[in-house]
Amino acid sequence: MGQDQTKQQIEKGLKLYQSNDTEKALYVWMKVLRKTSDPGGKFRVLGCLITAHSEMGKYKEMLQYSLAQINTAREMEDPDYLTEGYLNLARSNEKLCEFQKTVSYCETCLNMQGTTVSLQLNGQVCLSMGNAYLGLSVFQKALVSYEKALRYAHNNDDKMLECRVCCSLGNFYIQLKDYEKALFFPCKAAELVNDYGKGWSLKYRAMSQYHMSVAYKKLMRLADAMECCEVQTSNYDTTLLCSPRLHLFDKFFVCSPSIQKAFPRYESSMCIISEIGNRLGQASIYVGVGKCWILQKEYDKALDSLQRAHDLAEAIGNKLCILKVHSLCEGIYRCKEQQDELREQVVKFLQCVEELELYCGMCGESIGERNQQLQALPCSHIFHLKCLQTNGTKGCPKCHRSSVKLGFV
Ligand SMILES: [Zn+2]
Ligand SMILES: [Zn+2]
C-alpha cells in the first residue's frame, strides 16, 4: 500500500469513526497498519489507533500503539514525529498511573529541539505533566504545569485544551478540598463546551459533567450531582462511566442505612477499573470499602482493605492516598485501644503531611483536611484565602517571591 492509498484509507477510517462506527474504523486502520509501506502513514494511523483506544478506555492497547509509534518516529528521525510520539507515550503512561514515566516523557517532549509542532503540543504536554504530578501528590508542581497549559491554551486560542485543563483543575481542588473552586473550574469547562463544542467529541461534555458531579457531591448537593450524571449517561462510553458513578454510589450508600448495598457496587466498579488498569481508582475503592467496614465496626476487615489501598498507592507513588490510609488506621487503632500501633500511624501520618507540605505557610494550619477556600500565589504556593487576604501584598512566605497579584488559578 503506497502513500496515496494509505492516506485515503486513513481518511475513510476517520469518517467511520466520526460517525460512531468505531469497529469498522478500527478494522480499516488495522489493515492500513499491516499493509502500508509509507512510514509517515504508519505513524499517522498509529495516532488514530491511540486516540480511539484512549477514548474507549483501553489504555493497555493505547500504550502498545504508542510504543509502536515511537519506534516508527525513531526510524524516521524526524523531531516533529518524535515530539508527538513522546507525548502519546506520556499520555498512555498517565492513564496507566505510571506517573514518574509520564513526567520524564513530558520532559523529553519539552526538551526536543527544532520542532515545528511544539507550539501546538506543549500545552498538552504541560497538562499531562500536571496530571502526573497530581497523581504523585506533588501539588505545587502540578499547579505550575496547569498554569503553563492554560497559558498555551489562551495564546493558541485552544478551547479544547482549556476545557481539559479546567477539568483537571477541578480534580486538583477536589483533592485539596476547596470545593468552591472544584466546582468553578468544571463549570467553566461546561461553558466552553456549550459555547464552542459543537464539533467536539462527546467526551468533553461528559468529562465536564463528571467533574461537576463530583464537586456537587462533596458540597452535598446530591440532586445537582445526579443531574450531571444523567447528562453523562446519555452520551458516554460505559467503561468510563464506571468511575463517576462510583463516586455517587459511595456517598449515597454511606449515607443510607444499608451500607451492605455499597459492597456489590464497589465490587462491580472494581472489575471495570482493574480492567482498564486504573490502579489509583482501585486504591480509592479499597479506601471506600475500608470506610464502610469502619462504620460497621468491622475493624480487621477495614484494616485489610486499607492495607491493599496502601500497597497500591505506594506502588503508584500517590502520597495523598497513603496519608488518608494512615489517618483512617489511626482512628481504628484508637477505637481498638492499641497504643503502639496507634503511635506508629500518627508518626506516619505526620510524615506524610510534612512531605506533602499540606499546611498553610501563613497560619501553619493544615490544607486539605476540610472544605476551605484556597488561593495560589503566582509562585503556585497555596494558602488559605482568608490568610492571604489578611497578609495583603507582602509576598509569599514560603519562597519569599514578591507577589503583586493573586495567581489566576
Ligand atoms: Zn492559613
Ligand atoms: Zn511561593
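The rules behind each value
Residues numbered from 1 in each chain as written. Chains lettered and ligands numbered in written order. Predicted model: local features only at pLDDT ≥ 70, side-chain atom pairs only at ≥ 80, totals over all residues. Helix = DSSP H or I, 4+ residues; strand = E, 2+ residues; numbered from the N terminus. Buried ≥ 20, exposed ≤ 12 C-beta atoms within 10 Å, placed from the backbone. Contact = placed C-beta atoms within 7 Å. Expected span 1.5 Å × (residues − 1). pLDDT = per-residue confidence, 0-100. UniProt positions renumbered as here; feature names shortened; annotations may be inferred. Axes fitted to C-alpha atoms, helices over the stretch in contact; angles between N-to-C directions. Parallel < 35°, antiparallel > 145°, perpendicular 65-115°, else oblique. Left-handed = near helix turned anticlockwise from the far one by under 90°.

1. Digging into the overall build of the protein chain
Move 1: Looking only at helices and strands, the protein chain features 19 helices and 2 strands.
Move 2: Expressed as a percentage of the 409 residues in the protein chain, the buried residues total 45%.
Move 3: Summarising the internal contacts of the protein chain: among those between residues at least 6 apart in sequence, 54% fall at separations of at least 24.

2. Some remarks on helix α4 (residues 59-76)
Given 3.6 residues to a turn, an α-helix orients residues that are three or four positions apart in the same direction.
Move 1: Here α4 spans 25 Å end to end across 18 residues, near enough to the 26 Å set by a 1.5 Å rise per residue.
Move 2: Those residues of α4 that sit buried are Tyr 59, Met 62, Leu 63, Tyr 65, Ser 66, Gln 69, Ile 70, Thr 72 and Ala 73.
Move 3: Looking one or two residues beyond α4, the residue adopting positive phi is Glu 77, at roughly 50 degrees.

3. Remarks on the confidence of the model for the protein chain
Move 1: On average, residues of the protein chain score 87 in pLDDT, and 90% of them are at 70 or above.
Move 2: Mean pLDDT across the elements of the protein chain bottoms out in helix α13 (residues 238-255) (47) and peaks in helix α16 (residues 299-316) (96).
Move 3: Throughout residues 234-246 the model reports pLDDT below 50, and contacts reaching past four residues in sequence, or to other chains, amount to 28 contacts.

4. What to know about the UniProt feature "repeat: TPR" (unreviewed entry) in the protein chain
Move 1: The UniProt entry lists residues 123-156 and 283-316 under the feature "repeat: TPR" (unreviewed entry), expressed in the numbering used here.
Move 2: As annotated, residues 123-156 has a helix share of 88% and a strand share of 0%, and its two end C-alpha atoms lie 9 Å apart.
Move 3: Between the first and last C-alpha atoms of residues 283-316 the distance is 10 Å; the span itself is 91% helix and 0% strand.

5. Section: helix α9 (residues 159-175)
Move 1: For α9, which comprises 17 residues, the first-to-last C-alpha distance of 25 Å matches the rise-based estimate of 24 Å (1.5 Å per residue) to within 8%.
Move 2: α9 sits mainly inside the fold: 13 of its 17 residues count as buried.
Move 3: Lys 177 sits one or two residues past α9 and shows a positive phi near 60 degrees.

6. Details of the packing of helix α8 (residues 139-155) against α9
Move 1: Interaxial distance between α8 and α9 falls to 9 Å at its minimum, and their mutual angle equals 160 degrees. Classed by the angle they form, the pair α8 and α9 counts as roughly antiparallel. Crossing geometry of α8 relative to α9 is assigned as left-handed. Here α8 contributes Ala 142, Leu 143, Tyr 146, Ala 149, Leu 150, Tyr 152 and Ala 153 to the contact with α9, which in turn contributes Leu 161, Glu 162, Val 165, Ser 168, Leu 169 and Phe 172.

7. As for the environment of Met 129
Move 1: With respect to the helices and strands, Met 129 occurs in helix α7 (residues 118-135).
Move 2: When the C-alpha atoms of Met 129 and Val 103 are compared, they prove to be 5.4 Å apart, with 26 residues separating the residues in sequence.
Move 3: Contacts of Met 129, omitting those with residues within four sequence positions, involve Val 103, Cys 106 and Ser 145.

8. Regarding unusual backbone geometry
What is expected of a backbone is that most residues other than glycine have negative phi and most peptide bonds are trans.
Move 1: Of note in this structure, Asn 20 is not a glycine but carries a positive phi near 65 degrees.
Move 2: For Asn 20, the location among the structural elements is in the loop between α1 (3-18) and α2 (22-35).
Move 3: Residue Glu 77 is not a glycine yet carries a positive backbone phi of 50 degrees.
Move 4: Its location among the elements puts Glu 77 in the loop between α4 and α5 (79-95).
Move 5: Residue Glu 77 is classed as exposed on the basis of its C-beta count, with 8 C-beta atoms lying within 10 Å.

9. Considering the packing of α1 against helix α3 (residues 39-55)
Move 1: At their nearest, the axes of α1 and α3 sit 10 Å apart, and the two run at 15 degrees to each other. Relative to α3, the element α1 is oriented roughly parallel. The two elements α1 and α3 meet at a crossing, and its hand is left-handed. Listed contacts from α3 to Gln 3, Thr 6, Lys 7, Ile 10, Gly 13, Leu 14 and Tyr 17 of α1 are Gly 41, Arg 44, Val 45, Cys 48 and Ala 52.

10. Overview of the environment of Gly 197
Move 1: Relative to the helices and strands, Gly 197 is located in the loop between α10 (179-196) and α11 (203-218).
Move 2: The exposure class of Gly 197 is partly exposed, given the 19 C-beta atoms found within 10 Å.
Move 3: When the C-alpha atoms of Gly 197 and Lys 159 are compared, they prove to be 8.5 Å apart, with 38 residues separating the residues in sequence.
Move 4: Not counting the four nearest positions on each side in its chain, Gly 197 is found in contact with Leu 192, Tyr 204 and Arg 205.

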